[in-house]
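# Breakdown of the fold
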Amino acid sequence: MNGWVGKLLRVNLTNSSITVEELSRRLTDQFLGGRGLASKILYDEVDPKVEPLSPENKIIFMTGSLTGTGVIGGASYVVVTKSPLSGSIACSTAEGYFGPELKSAGYDGIILEGKSPQPVYLSIEDDRVELLSASHLWGKSTSRTEEIIRAEKGNLWIAKETSVASIGPAGEKRAKIASIINDRHRVAARAGVGAVMGSKNLKAIAVRGTQTITVADGTQFVDAVARAWEKFKSTPVIPQTLNNIGTSFLVDLINKCGVLPVNNFQTGVMKKVDKISGEHMAETILKANKGCFACPIACVQMTEVEDPALQGEGEGPEYRTIALIGAACGIDDINAVAKISYLCDDMGIDTLSFG
């Protein structure tokens, strides 16, 4: 189908049945992206009166037609469900390697329905798909969960790591701001998607694949990607800035524009913004850069706080986390903002909603 694999996984957690379905060409023609496609499936299959945290709700992990093809920014996948926070259709997006791995395993998306009687996680290794016990993972942080699953999977049959998307204790307890974390630091954050996973006793999805994703004309596709990258690199400031300090470069810029959400949006300007700016983060806690699948920008900032009172390490914080945990809460200490961000990721909580 050129870009699409043409298959969906349907997993009924109540009776542990797993089936492979053909992805309709009609639907992919009508809904080009993963968000539209997953929203259409949810619209067709879930009654709008369904309680979001009931077994009757469904949660859908969906890639897009460009996911995993090598196009710049083609690392994304979406999580679509009925939101326990808003009661409407939720769509949370994340990057990393999970989406491309799902495509490489031979599936464009996963439709999860029902509720498992016991904690489980879904394991996908090409056409080997199974539900495994997650009783030993329940209550653990997202980072520890990923660590354990990767150790269990090992690298015996393929020379690359398993990509894991999991919930933390917040999702297990059905917190309405619970997120889903994949590849340790990438987050499908908004609208309580992690709570829906928790309501289904689904701790994680682990995926690893070996298949190749096809496009209509490989030569022209590679040439188009190369031209797009050259054009992007010629854009003033942004490529190098994103590589250096990620989206946190926006903190100082937006403060100068007078629209930083300071003290719960009471004002748009923060006097000590230099203490939480991207530039200050780079000077104090930034350790390395990291990129998502096939992305040369590498805007993910890996940081470490050495202050004994706030010690920790993880990703970011990015602009929105700094804005909502830092500026909006009146916190002008980048160490404190980073530590809160690390804890939120480990517990599986959306940093924006938390702030």
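Everything that follows concerns the structure shown earlier in this document.
These lines cover the structure that appears in this document, whether it is placed above or below. The structure presented is a predicted model; accordingly, all values stated were derived computationally and were not measured. (Residues numbered from 1 in each chain as written. Predicted model: local features only at pLDDT ≥ 70, side-chain atom pairs only at ≥ 80, totals over all residues. Heavy atoms only, no water.)

Here we take up the packing of helix H11 (residues 319–327) against helix H12 (residues 334–347). Relative orientation of the contacting elements H11 and H12 amounts to 110°, with a least axis distance of 10 Å. If you check the angle between H11 and H12, you find them roughly perpendicular. Note on packing geometry: the crossing formed by H11 with H12 is right-handed. Where H11 approaches H12, its residues Thr 321, Ile 322, Ile 325 and Gly 326 are matched on the opposing element by Ile 334, Val 337, Ile 340 and Ser 341. Here the residues of the contact of H11 with H12 sort into five nonpolar, three polar and no charged. (Axes fitted to C-alpha atoms, helices over the stretch in contact; angles between N-to-C directions. Helix = DSSP H or I, 4+ residues; strand = E, 2+ residues; numbered from the N terminus. Parallel < 35°, antiparallel > 145°, perpendicular 65-115°, else oblique. Left-handed = near helix turned anticlockwise from the far one by under 90°. Contact = heavy atoms within 4.5 Å. Nonpolar A, V, L, I, M, F, W, Y, C, P; charged D, E, K, R; others polar.)

Here strand S3 (residues 59–63) lies mainly inside the structure; five of its five residues are buried. Side chains of S3 alternate between two faces, with Ile 59, Phe 61 and Thr 63 and Ile 60 and Met 62 buried alike. Judged from the five bridges that link them, S3 and strand S4 (residues 77–82) form a sheet pairing that is antiparallel. Residue Thr 63 lies in a different strand from S4, and its bridge partner there is Tyr 77. (Buried < 20%, exposed > 50% of the residue type's maximum accessible area, 1.4 Å probe, protein only. Pairing = 2+ DSSP bridges.)

A word on the sheet that holds S3. Strand order across the open sheet formed by six strands is S2-S1-S6-S3-S4-S5, with mixed pairing between neighbours. Only two strands of the sheet have a single neighbouring strand rather than two, namely strand S2 (17–22) and strand S5 (89–94). On average, each strand axis in the sheet is inclined to that of its neighbour by 15°, with strand direction left out of account.

Before going further, it helps to examine the state of the cysteines. What the rule picks out here adds up to zero disulfides. In this structure Cys 292 is not part of a disulfide, and its nearest cysteine sulfur, from Cys 295, lies 6.4 Å away. The exposure class assigned to Cys 292 is buried, which follows from its relative accessible area of 13%. Looking at the unpaired Cys 299, the closest cysteine sulfur is the one in Cys 295, lying at 6.3 Å. On the basis of relative accessible area, Cys 299 is assigned to the partly exposed category, the value being 26%. (Disulfide = S-S within 2.5 Å.)

In this model helix H2 (residues 34–45) runs 16 Å from its N-terminal to its C-terminal C-alpha over 12 residues, within 8% of the 16 Å that 1.5 Å per residue would give. For H2, every residue scored as buried is listed here: Gly 34, Leu 37, Ala 38, Ser 39, Ile 41 and Leu 42. Turning to H2, the residues buried within the fold contact strand S1 (7–12), helix H1 (25–30), S3, S4, S5 and strand S6 (109–113). (Expected span 1.5 Å × (residues − 1).)

As a further point, take the pattern of salt bridges. Taken as a whole, this structure holds 24 salt bridges when the rule is applied. For Glu 130, the salt bridge identified is with Arg 128, shortest N-O distance 3.3 Å. Relative accessible area serves as the criterion here: at 24%, Glu 130 is assigned to the partly exposed category. For Arg 186, the salt bridge goes to Glu 315, with nearest N and O atoms at 2.1 Å. Of the two residues, Arg 186 sits in strand S11 (residues 186–188) while Glu 315 sits in strand S15 (residues 312–315), which places them 129 residues apart along the sequence. Just as Arg 186 is buried, Glu 315 falls in that class too. If you follow the salt bridges from partner to partner, you end up with Arg 10, Glu 21, Glu 45, Lys 58 and Glu 113 in one network. (Salt bridge = Lys/Arg side-chain N within 4 Å of Asp/Glu carboxyl O.)

As a further point, take the packing of aromatic side chains. Taken as a whole and assessed by the stated rule, the structure comprises five aromatic pairs. Their ring planes at 15° and their centres at 6.1 Å tell us that Phe 61 and Tyr 77 sit as a pair that is stacked. One end of the pair, Phe 61, is in strand S3; the other, Tyr 77, is in strand S4, with 16 residues separating them in the sequence. The interplanar angle of 45° and the centroid separation of 4.9 Å between the aromatic rings of Tyr 77 and Phe 98 together place this pair among those described as tilted. Of the two residues, Tyr 77 is situated in strand S4 and Phe 98 in helix H3 (residues 98–104); the sequence distance between them amounts to 21 residues. A relative accessible area of 1% means that Tyr 77 is categorised as buried. Each member of the aromatic cluster is reached from another via a ring pair, and the members are Phe 61, Tyr 77 and Phe 98. (Phe/Tyr/Trp six-rings, centres within 6.5 Å; stacked < 30°, edge-to-face > 60°.)

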